[in-house]
Amino acid sequence: MSRHVIDPAPVPSLAIRGSAARFPVRRVYCIGRNYAAHTVEMGGDPDRDAPFFFQKNPDDLDQSGDFPYPPRSSDVHHEVEMLVALGTGGTDIPLGEALDRVWGYAVALDMTRRDRQGEAKAARHPWEIGKAFARSAPCGPLIPASEIGHPASGAVSLTVNGTVRQEGDLGQMIWKVPEMIAYLSNYFTLAGGDVILSGTPSGVGPVTRGDALTARIEGLGAFDVRVV
Ligand code: MN
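Rules behind the numbers
Residues numbered from 1 in each chain as written. Predicted model: local features only at pLDDT ≥ 70, side-chain atom pairs only at ≥ 80, totals over all residues. Heavy atoms only, no water. Donors = N, O, S within 2.8 Å, 3.2 Å for Na, K, Ca; no water. Helix = DSSP H or I, 4+ residues; strand = E, 2+ residues; numbered from the N terminus. Buried < 20%, exposed > 50% of the residue type's maximum accessible area, 1.4 Å probe, protein only. Salt bridge = Lys/Arg side-chain N within 4 Å of Asp/Glu carboxyl O. Contact = heavy atoms within 4.5 Å. Pairing = 2+ DSSP bridges. Phe/Tyr/Trp six-rings, centres within 6.5 Å; stacked < 30°, edge-to-face > 60°. Lys NZ or Arg CZ within 6 Å of the ring centre and 35° of its normal.

**Considerations on the coordination of the manganese ion**
Now for step 1: In this structure, Glu79 (OE), Glu81 (OE) and Asp110 (OD) serve as the protein donors to the manganese ion, at separations of 2.0 to 2.1 Å.
Now for step 2: All donors of the manganese ion come from a single chain, and their spacing in sequence reads E-x1-E-x28-D. Of this pair, Glu81 sits in strand S8 (residues 80-86) while Asp110 sits in the loop between strand S9 (102-109) and strand S10 (112-113), and the two are 29 residues apart along the sequence.
Now for step 3: We classify Glu81 as buried; its relative accessible area is 1%.
Now for step 4: Residue Asp110 is classed as buried on the basis of its relative accessible area of 1%.

Here is the structure:
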């Protein structure tokens, strides 16, 4: 007999490449402005603006291959990013131990209602409506670090209908994966199941219904998303 007064929501989880087992997701942290060229295209100063974090919801992650265009926006942008999935966590994790916490990696998209995000920025309001909407983080299968190691460089790209829109390299991240983990652990107790979206290179832009997106990271492969 359940001790909950209503049925609990299912635990969000990610499919894993080559396995029937799934990765249960606890929290989703996202870094902003982690590539200098993207900081510039968003009107920031890469020499002055420190990266910062926001969150999406665990059930915003979506591996269906469809991205439903969200309501009440007419300017929804793609941001291709590497997803970092933690197998263990902790508080005040030393930089040199941070990668030991990583269970795996995936290619992901931080889909963004840019119009609503812009309004929030102007009003100094939080970003949830712009960032943390339903199915706002399409992603490919999770790939165990035990198979591929810890990619610190490698081409990142996003094509829309076959045209390259975003290009960068993991090596261009301002804050590297171990630095993000160590920093977050200074403010939050991290745990297995937490994932980090590690920021997008330049070239973000709008999508429309019917668009076919292909997100690719060297060493992690590619996944396709249709805007519906
Ligand atoms: Mn992003």
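**Topic: the pattern of salt bridges**
Now for step 1: Summed over the entire model, instances satisfying the criterion amount to 10 salt bridges.
Now for step 2: With its nearest N and O atoms 2.8 Å apart, the salt bridge here joins Lys56 to Asp110. On the criterion of sequence distance, the pair formed by Lys56 in strand S4 (residues 52-56) and Asp110 in the loop between S9 and S10 is long-range, its members being 54 residues apart. In this pair, the class of Lys56 matches that of Asp110, namely buried.
Now for step 3: Between Glu119 and Arg116 there is a salt bridge, and its shortest N-O distance comes to 2.7 Å. With Glu119 and Arg116 both in helix H2 (residues 114-123), this residue pair falls three residues apart, about one helical turn.
Now for step 4: Take Glu119: its relative accessible area is 44%, and that puts it in the partly exposed class.
Now for step 5: Counted as one network, the salt bridges with shared partners bring together Lys56, Glu79, Asp110, Arg114 and Lys131.

**What about the side chain of Thr39?**
Now for step 1: Mapped onto the elements of the fold, Thr39 is located in helix H1 (residues 36-41).
Now for step 2: Using a relative accessible area of 1% as the deciding quantity, one classes Thr39 as buried.
Now for step 3: Once you skip the residues sitting within four places of it in the chain, Thr39 turns out to touch Arg33, Gly44, Asp45, Pro46 and Asp49.

**So, the sheet that holds strand S15 (residues 195-197)**
Now for step 1: As summarised here, the arrangement of the six strands in space is S4-S3-S15-S8-S9-S12, forming an open sheet in which the pairing is mixed. Taken across any chain shown, the strands that pair with only one partner, and hence form the sheet edges, are S4 and strand S12 (143-144).
Now for step 2: Bridge count between strand S3 (residues 28-32) and S4: five bridges; the pairing is antiparallel. Note on S4: the bridge partner recorded for Cys30 is Phe54.

**Observations concerning the packing of aromatic side chains**
Aromatic ring pairs are reported here in terms of the distance separating the ring centres and the angle at which the planes meet.
Now for step 1: Following the criterion strictly, the structure yields nine aromatic pairs and no others.
Now for step 2: An angle of 85° between the planes, with centres 5.3 Å apart, marks the rings of Phe52 and Trp127 as edge-to-face. You can see Phe52 sitting in strand S4 and its partner Trp127 sitting in the loop between H2 and helix H3 (128-131), a full 75 residues away along the chain.
Now for step 3: The exposure class assigned to Trp127 is buried, which follows from its relative accessible area of 17%.
Now for step 4: For the ring pair Phe53 and Tyr183, a centre distance of 5.6 Å and an interplane angle of 20° mean the geometry is stacked. Of this pair, Phe53 sits in strand S4 while Tyr183 sits in helix H5 (residues 177-187), placing them 130 residues apart in sequence.
Now for step 5: Taken together, the ring pairs in this structure connect Phe53, Trp175, Tyr183 and Tyr187 into an aromatic cluster.
Now for step 6: The ring of Phe133 carries Lys56 above its face, with NZ or CZ at 5.7 Å from the centroid.

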